[in-house]
Amino acid sequence: MSEDRVIISIEDGIAEVTLNRPEKLNAFDTAMFEAVAAAGERLMDEPDLRAVVLTGAGRAFCAGIDTKMLMEFAADLDTLRQEIVTPPRGRAANRFQQPCTIWADLPVPVIAALHGVTFGAGMQLALGADLRIAAKDTQLSIMETRWGLIPDMGLTKLLPGVMRADQALDMILSARVVEGPEAQELGLVTRVAEDPLAAARDTARAIAGRSPEAVRGAKELVRAAWPGDDQNLALEARLQAAIIGSANQMEAVVAGMQKRPPKFS
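Within every chain, residues take consecutive numbers counted from 1 along the sequence as written. Residues qualify for local features only when their pLDDT is at least 70, as the model is predicted, and side-chain atom pairs are given and counted only at 80 or more; totals for whole chains, interfaces and linings, by contrast, use all residues. Note that the side-chain values use all heavy atoms of the structure and ignore hydrogens as well as water.

Undergrad: How would you sum up the overall build of the protein chain? Please name residues and give values.
TA: Numbered from the N terminus, helices here are DSSP runs of H or I no shorter than four residues, and strands are runs of E no shorter than two. Along the protein chain, the regular secondary structure elements total 12 helices and nine strands. Relative to its length of 265 residues, the protein chain is compact, with a C-alpha radius of gyration of 18 Å against a globular reference of 18 Å. In terms of overall dimensions, the protein chain has C-alpha extents of about 60 × 40 × 35 Å along its principal axes. The buried label applies to any residue whose accessible area, calculated with a 1.4 Å probe on protein chains only, is under 20% of its type's maximum; exposed applies above 50%, and partly exposed to all values in between. Looking at the protein chain residue by residue over its 265 residues, the buried ones come to 50%. Taking contacts inside the protein chain between residues at least 6 apart in sequence as the whole, the part at least 24 apart equals 74%. Methods summary: accessible areas were calculated by the Shrake-Rupley approach with a probe of 1.4 Å, and residue burial reflects only the protein chains presented. When the accessible area of the protein chain is evaluated, it comes to approximately 12300 Å², of which 53% is carbon and sulfur surface. Positive and negative side-chain charges of the protein chain, numbering 28 and 36 respectively, have mean locations separated by a distance of 4 Å. A radius of gyration in this sense is built from C-alpha atoms; the matching globule rule multiplies 2.2 Å by the number of residues raised to 0.38. We call two residues contacting when some pair of their heavy atoms lies within 4.5 Å. Residues scored as charged are limited to Lys and Arg (positive) and Asp and Glu (negative), so that His and the chain ends carry no count. Charge positions are represented by NZ for Lys, CZ for Arg, CG for Asp and CD for Glu.

Quick look at the structure:
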């Protein structure tokens, strides 16, 4: 496990989880996928946990998937497709979905502090949190269609409770970038703050001061009552497995890296 990719500190029942790949704007490579999921799984069993703050080191929360990883996928597409549609036994989420959905599954509230860019996989990770506090100039995007893909890291579980379907489709199809205030209007962000990390820490401390049974019950209530569950994770996986590695998907990646318009067949 690449523990250096994620730093966890715990004090007074509050865990602070920091993505720690600042030189790459905390982009997801294989090690980051493993480390973020492992961090969430570790906190599942943390005694006396009251709240979690999720943040990124350096200039950004998370820039999404490392583009080098997209090219690496092409080396063994059959194995990748099988892995996408076959989650581990007893789990709804596959290994690409787990780093995002694990935070929604934690019994305590998770507050994401967003700054810099929050793109693609980073946006889906942020949606795994129960609350998202962003700086005014934070840039957010559901960016997967830019690479010829669909968002498949738990979006069907995480987005329906915060955004209308037409707004979600607009963001997915356009892959456009929005800043904090518009993101708040759309529901991608809970609120905007001058210092998101300080605001997230204050919120976590306030939550930690409530009755732990009431806090855990409130999260379970809201997660159960609002739309979005595990049932559609398999649909994400099936659709993505059919798309990834196709001629048009690879053309989207190459064109994006070469900064030219794609030529789709």
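Undergrad: Break down the sheet that holds strand E2 (residues 14–19) for me, with residues and values.
TA: Whenever strands of a sheet pair, they do so through backbone hydrogen bonds, lying parallel or antiparallel. An order of E1-E2-E3-E4-E6-E9 is seen for the six strands of this open sheet, with the pairing classed as mixed. The sheet terminates laterally at strand E1 (6–11) and strand E9 (191–192), the two strands that pair on one side only. Any two strands between which DSSP finds at least two bridges are classified as paired. Two strands pair when backbone bridges link them, and strand E4 (residues 110–114) and strand E6 (residues 131–134) are joined in this way by four bridges, in the parallel orientation. Bridging across to E6, Leu114 finds its partner in Ala134.

Undergrad: Give a detailed account of the packing of aromatic side chains, specifying residues and quantitative values.
TA: Note on aromatic pairs: the rings of Phe, Tyr and Trp (six-membered ring only in Trp) are paired at centre separations within 6.5 Å, and the planes decide the class, stacked below 30 degrees, edge-to-face beyond 60, tilted for the rest. A complete count under the given rule lists three aromatic pairs for this structure. Measuring from ring centre to ring centre gives 5.4 Å for Phe33 and Phe96, while their planes differ by 90 degrees; the resulting arrangement is edge-to-face. Here the residue Phe33 occupies a position in helix H1 (residues 30–44), and Phe96 occupies one in the loop between helix H3 (77–85) and helix H4 (98–105), the gap between them amounting to 63 residues. In this structure, Phe33 and Phe96 share a single accessibility class: buried. Each member of the aromatic cluster is reached from another via a ring pair, and the members are Phe28, Phe33, Phe73 and Phe96.

Undergrad: I'd like to hear about the nonpolar core, residue by residue, with values.
TA: Counting residues in hydrophobic clusters, the biggest one holds 60 residues, and the most contacted among them are Val52, Trp103, Leu125 and Leu188. Ranked by the residues each element gives to this core, the list is headed by H1, at six residues. Throughout this description, the term nonpolar core refers to a set of buried Ala, Val, Leu, Ile, Met, Phe, Trp, Tyr and Cys residues connected via side-chain atoms within 4.5 Å. Ranked by size, the runner-up nonpolar core spans 13 residues in total, among them Ile14, Ile133, Ala193 and Ala199.

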